[in-house]
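# Observations on chain architecture
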Amino acid sequence: MLDLELLKSFVSVVDAGGFTRAGERVHRTQSTVSQQIRRLEDDIGQVLLNRNGKDVTPTEAGERLLSYARRLLSLAEEARDVVGRPGNEGAVRIGIPEDFAAYRLAKLLASFARSHPSLRLDVRADQSTYLKRDLERGDLDLALLKRDATEKGGIASWPERVHWVTSRSHPRDTRAGSVPLIGFPAGCLYRARAIHALESAGRAWHMAYTSSSLAGIQAAVAAGMGLSILSEISIQADHRVLTAKDGFAPIDKTEVALVASPDASPATLRLADKLAEFCDGIQAKAA
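The rules behind each value
Residues numbered from 1 in each chain as written. Predicted model: local features only at pLDDT ≥ 70, side-chain atom pairs only at ≥ 80, totals over all residues. Heavy atoms only, no water. Helix = DSSP H or I, 4+ residues; strand = E, 2+ residues; numbered from the N terminus. Polar contact = N/O pair within 3.5 Å; in protein donor to acceptor, adjacent residues only side chain to side chain. Expected span 1.5 Å × (residues − 1). Buried < 20%, exposed > 50% of the residue type's maximum accessible area, 1.4 Å probe, protein only. Patch = residues over 30% accessible without salt bridge, like charges linked within 9 Å, V, L, I, M, F, W, Y side chains within 5 Å. Areas by Shrake-Rupley, 256 points an atom, 1.4 Å probe, with all protein chains shown as cover. Salt bridge = Lys/Arg side-chain N within 4 Å of Asp/Glu carboxyl O. pLDDT = per-residue confidence, 0-100. 1 Å grid on protein atoms, 1.4 Å probe; cavity = no way out; pocket = protein on both sides within 12 Å on 5 of 7 lines; lining within 4 Å. Points joined across faces, edges and corners; volume = space filled by probe spheres on them.

A separate point is the environment of S200. Inspection of the secondary structure assignment puts S200 in helix α8 (residues 189-200). Residues S200 and R71, 129 residues apart in the sequence, show an inter-C-alpha distance of 42 Å. Within the local environment of S200, its side chain forms a polar contact with the backbone oxygen of H196, the two atoms lying 2.7 Å apart.

Another aspect to go through is α8. Three or four residues apart is the spacing at which side chains of an α-helix point the same way, because the helix has 3.6 residues per turn. Here α8 contains twelve residues, and its C-alpha end-to-end distance of 16 Å stays within 8% of the 16 Å for a straight helix at 1.5 Å per residue. Residues Y190, R191, R193, A194, I195 and L198 constitute the buried set of α8. Looking one or two places after α8, you find G202, whose phi comes out positive at around 75°.

A word on a nonpolar patch on the surface. Judged by side-chain polarity, L2, L4, I44, Y68 and L72 come together as a nonpolar surface patch covering roughly 410 Å² of accessible area. Structurally, I44 is set in helix α3 (residues 30-44). You can call I44 partly exposed: its relative accessible area is 34%.

Mean pLDDT over the protein chain works out to 87, with 94% of the residues at or above the 70 mark. The spread of mean pLDDT over the elements of the protein chain runs between helix α5 (residues 98-103), the lowest at 67, and strand β11 (residues 239-242), the highest at 96.

According to the stated counting rule, one finds one cavity of 30 Å³ or more in the structure shown. Its volume calculated, the largest cavity comes out at about 100 Å³. Lining the largest cavity are 13 residues; nearest its centre among them are I182, G183, Y190, R191 and S228. Of all elements in the fold, only β8 (179-183), α8 and β10 (228-231) reach the threshold of two or more residues within the lining of the largest cavity.

Okay, structure coming up:
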């Protein structure tokens, strides 16, 4: 059995980058933290930290342990929270794409949280590839995912309308030369679809602007830095939709799927019902 106190000190050392600062975080002396790390290394049978003077970094074994340590500590905190409060409904960890977080779901999630005061709601907006990964390994209870329409599974799914866009005021001339693309980092479904569409048409391309923020991508498109693929709910007034006449056919066969973990709690399933109703409403308005 791994000692949670040792794991807490280990995570603190990695995050702080040293034993002294880590000791301040966990209210231990530097020597105590150092001894705890040695005990953990003895238990694991691996060296977990590279000690280069004042700089401390995780070894390869330490990097592998780090994600497990964070999850164990988070689960322990959740268990204390659930058991320590009478009538507590526990916690629901939900992942959503950023365009949904920014434009559509904030009011729904806030309303759900207010109607369930004993429930802790943990919401994370991220790329769908990471949300899917974290759902599969148990770090999320529920997720809305952007995915290929051929994928199966989940509570429900809805087809998504996705378009090529450029700046309304400063459109890029893409009739010749390399097409400048704007998008999320590698792993994004839209980015992969854009690259595939261009390469299938025999057109050269390059990434002109990469951002993990939807707002950053929207701003870059509006400023005329390049072209992007956005869902309808993310297209703004200073964007112009490109059509087949411009040489950019619509992107199809993408969808939004609602997926829950196999052991989803009753509170998670109640929230899933609300999200399904919400997405049904969006689909009906778009029809």
